[in-house]
Amino acid sequence: MPQPQLKPAWANAYVGGTLSEPHFRALAQLIEAQVGIKIPQGKRFMLEGRLLKRVRALGLSDISEYVDALFDASQFEDELIHLIDVVTTNKTDFFREPAHFDFMRQTAVPELIKQRGGADRVHKLKVWSAAASMGMEAYTMAIVLDDMVRSGSRIDFRVLGTDISNPVLRMAQKAIYDIEALKPVPESLAKRYFLRSREPARAECRVVPELRSRVSFQRMNLMSPTYPVDRDVDIIFCRNVLIYFDKPTQRKVVTQLASHLRPGGYLMVGHSESMVHNVVPGLTQVRPTIFRV
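The present account deals with the structure reproduced in this document. The structure presented is a predicted model; accordingly, all values stated were derived computationally and were not measured. (Residues numbered from 1 in each chain as written. Predicted model: local features only at pLDDT ≥ 70, side-chain atom pairs only at ≥ 80, totals over all residues. Heavy atoms only, no water.)

Notes on the side chain of N240
Phase 1 of the analysis: Looking at the element boundaries, N240 is found in the loop between β7 (233–238) and α10 (247–258).
Phase 2 of the analysis: Looking at N240, its side chain comes within polar contact range of the side chain of E97, at 3.2 Å.
Phase 3 of the analysis: In this structure N240 touches R96, E97, G270, H271, S272 and E273, once residues within four positions along its chain are discounted. (Helix = DSSP H or I, 4+ residues; strand = E, 2+ residues; numbered from the N terminus. Polar contact = N/O pair within 3.5 Å; in protein donor to acceptor, adjacent residues only side chain to side chain. Contact = heavy atoms within 4.5 Å.)

See the structure below:
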């Protein structure tokens, strides 16, 4: 990751215990350069509130001291990861935007099998949740695919989940969630794929080991010049993250993602991101938020 000039001129622009305007501008520029997320002026106080939590966690006195610590050469790389965790939004649910999972079951996977010569042999499938957050999307993909196997589909699948935030990736790897998170999951699937805590006071559940073994997670920045992912992926979900990027960044990210799809593979984006087909040539729109290479 690029490292800014240490101890820049604005580092002394401290006003009380708040995030000063110069600090805000500098941090917003740093965040956009590192992860592509634009933080408008209207989000200044949101950023301040989140930074204050980090200030307390480090035992610092104020945001000015935090900025000094952030731009210290010996601490920059480690603290930058925490700063990114502070500003990223990790809204996620099981079976969020369920039409995509229905399409995967009813259309995408059957089409991919047909493309490879029919259903008389086992077909390997690679699917990727490119903004995995706490893992719910990746595990939903695995649930749908495993349920298809149980229903007779001859597929052998693996799911990859990537995200820039280390804390949410640790949660994804543990695969432990509040019972309330199961509300969107059909009851038959919830019983099959989740273990409930034997302690009533702990209203938690965990994804069953058999499913966890088919899902792996790794840290990845969508702003990186290259992605450490295979280039024969069948289905990529990258939903509700492109909206935080400007058009050039969207073009760069979608082009990168598409380059990791095998011919005929599918890219699915969020319902507020259907502009993708206007951004990257070579993608064919098959539904408002579903594209194929």
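Resuming the write-up.
A look at helix α6 (residues 136–150)
An α-helical segment advances 3.6 residues per turn. Residues three or four places apart therefore align on the same side.
Phase 1 of the analysis: Compared with the 21 Å implied by 1.5 Å per residue over 15 residues, the 21 Å span of α6 between its first and last C-alpha is a close match.
Phase 2 of the analysis: Among the 15 residues in α6, 13 count as buried, and that is most of the element.
Phase 3 of the analysis: One or two steps after α6, the chain reaches G152, where phi turns positive at roughly 115°. (Expected span 1.5 Å × (residues − 1). Buried < 20%, exposed > 50% of the residue type's maximum accessible area, 1.4 Å probe, protein only.)

Concerning the packing of helix α1 (residues 21–35) against helix α3 (residues 63–70)
Phase 1 of the analysis: Between α1 and α3, the least distance of the axes is 12 Å, while the angle of their chain directions is 35°. Note on packing geometry: the crossing formed by α1 with α3 is left-handed. Of the residues in α3, those in contact with H23, L27 and L30 of α1 are I63, S64, V67 and L70.
Phase 2 of the analysis: Considered class by class, the residues forming the contact of α1 with α3 number five nonpolar, two polar and no charged. (Axes fitted to C-alpha atoms, helices over the stretch in contact; angles between N-to-C directions. Left-handed = near helix turned anticlockwise from the far one by under 90°. Nonpolar A, V, L, I, M, F, W, Y, C, P; charged D, E, K, R; others polar.)

Some points on the sheet that holds strand β4 (residues 194–196)
Phase 1 of the analysis: Strands sit in the order β3-β5-β4 across an open sheet of three strands; the sheet is antiparallel. The open sheet has two free edges, formed respectively by β3 (176–178) and β4, since each of these has just one partner strand. Each strand axis lies, on average, 35° off the axis of its neighbour in the sheet, ignoring direction.
Phase 2 of the analysis: Bridge analysis of β3 against strand β5 (residues 204–207) gives three bridges, and the strand direction is antiparallel. Each bridged residue has a counterpart across the sheet, and for D178 the counterpart in β5 is E204. (Pairing = 2+ DSSP bridges.)

Things to note about the environment of Q115
Phase 1 of the analysis: Relative to the elements of secondary structure, Q115 occurs in helix α5 (residues 99–115).
Phase 2 of the analysis: Given the relative accessible area of 43%, Q115 is considered partly exposed.
Phase 3 of the analysis: Each C-alpha atom, one on Q115 and one on Y266, is 13 Å from the other, the two residues being 151 residues apart in sequence.
Phase 4 of the analysis: Each residue touching Q115, except ones within four places of it in the same chain, is listed here: P263, G264 and R292.
Phase 5 of the analysis: A distance of 2.8 Å separates a polar side-chain atom of Q115 from the backbone oxygen of P263.

Thoughts on the packing of aromatic side chains
Phase 1 of the analysis: Counted according to the given criterion, the structure contains seven aromatic pairs.
Phase 2 of the analysis: Between F94 and Y177, the aromatic rings sit 5.2 Å apart at their centres with planes inclined by 85°, giving edge-to-face as the arrangement. On the criterion of sequence distance, the pair formed by F94 in the loop between α4 (76–87) and α5 and Y177 in strand β3 is long-range, its members being 83 residues apart.
Phase 3 of the analysis: Of the residues examined, F94 reaches a relative accessible area of 1% and is grouped as buried.
Phase 4 of the analysis: Plain terms: the ring middles of F101 and F237 are 5.2 Å apart, the flat faces sit at 35° to each other, and that makes the pair tilted. Placement of F101 in helix α5 and of F237 in strand β7 is noted, with a sequence separation of 136 residues between them. The two residues F101 and F237 agree in class, both being buried.
Phase 5 of the analysis: R214 extends its terminal NZ or CZ atom over the ring of F157, reaching a point 4.6 Å from the ring centre. (Phe/Tyr/Trp six-rings, centres within 6.5 Å; stacked < 30°, edge-to-face > 60°. Lys NZ or Arg CZ within 6 Å of the ring centre and 35° of its normal.)

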